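# Fold and contact review
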Amino acid sequence: MRKNIVAGNWKMNTTVPEGVQLATEVNAALAGKKVNCDVVICVPFTHLTSVNQVINQNKLGLGAENCADHKSGAYTGEVSASMVASTGATYVILGHSERRQYYGETSETLKEKVALAFENNLTPIFCIGEVLEQRENGTYFDVVKSQIEEALFNLSAEDFGKVILAYEPVWAIGTGKTATDDQAEEMHAYIRNLIVEKYGKEVAENTSILYGGSCKPSNAKALFAKPNVDGGLIGGASLKCADFMGIVEAFD
Ligand code: 13P
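Residues numbered from 1 in each chain as written. Predicted model: local features only at pLDDT ≥ 70, side-chain atom pairs only at ≥ 80, totals over all residues. Heavy atoms only, no water.

## Considering the site of the ligand
Around the ligand, the neighbouring residues are Asn9, Lys11, His96, Glu168, Ala172, Ile173, Gly174, Gly213, Ser214, Leu233, Gly235 and Gly236. Residue Lys11 places a side-chain N or O atom 2.8 Å away from an oxygen atom belonging to the ligand. Relative to its free-state accessible area of 310 Å², the ligand is covered by the protein chains to the extent of 95%. More than half of the atoms of the ligand fall within 2 Å of the grid points belonging to the second largest pocket. In the shell around the ligand, the residues fall into three nonpolar, seven polar and two charged. (Near = heavy atom within 4 Å. Polar contact = N/O pair within 3.5 Å; in protein donor to acceptor, adjacent residues only side chain to side chain. Areas by Shrake-Rupley, 256 points an atom, 1.4 Å probe, with all protein chains shown as cover. 1 Å grid on protein atoms, 1.4 Å probe; cavity = no way out; pocket = protein on both sides within 12 Å on 5 of 7 lines; lining within 4 Å. Sits in = over half its atoms within 2 Å of the grid points. Nonpolar A, V, L, I, M, F, W, Y, C, P; charged D, E, K, R; others polar.)

Here is the structure:
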């Protein structure tokens, strides 16, 4: 059966010392505690090596927030999947709406990134989601369908089975405006059905689909109680250990 997962996305927050401190706190909060989900933190590239030194990855997984769409070479400022893997990280967020919106990421580049993540044994946490206008004009199912089809449906069933999906409606990110648990469930069920049609029931049942967008301790329980919501990708609330743990503990 699929895993429940709570993953933090620190985005462009914390200096290295602050990040090490936060990771140390989360690691300590998880030590000796039995939790009912996998817990992951995705941190800036600059933090990966130091954070890896202060966490126990048996309890707290480590990921990057992006990787390059090329293997290596003359791409000044880029960080490759193999560089990420060499820090000890095992996850990578790909296709976050902020990358799509502000850095022009397309399904074509994302396809390359997914392939390179797999080559380097990184588990992609692949983000999809519509903007407000698409929610309001009713095209949100089609938007999400295209995002998944274009960047992921070229994968073998075996590789697709390793992807973690994160549905993040852009209008809910950092706005305090969470999708209702029914809105999340409706989309997650739709996504799972797309996977059934493409890869069959077994792959679909084993795929974790996380919700992201203003998820916090006060709404996590209701969201995670929905049958197709398998956890969360957490931005703002992952920057405070107590809030992040409050979300982890929503799986009780
Ligand atoms: P917030 O939790 O801050 O809304 O961010 C969600 C997100 O973008 C996680 O990737």
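## Some words on the sheet that holds strand E8 (residues 231-234)
Strands sit in the order E1-E2-E3-E4-E5-E6-E7-E8 around a closed barrel of eight strands; the barrel is parallel. Taking each pair of neighbouring strands and ignoring which way they run, the sheet shows an average axis angle of 25°. One ladder, built from five bridges, connects strand E1 (residues 5-9) with strand E2 (residues 38-42); its direction is parallel. In the sheet register, Ala7 faces E2, and the bridge partner there is Val40. (Pairing = 2+ DSSP bridges. Helix = DSSP H or I, 4+ residues; strand = E, 2+ residues; numbered from the N terminus. Axes fitted to C-alpha atoms, helices over the stretch in contact; angles between N-to-C directions.)

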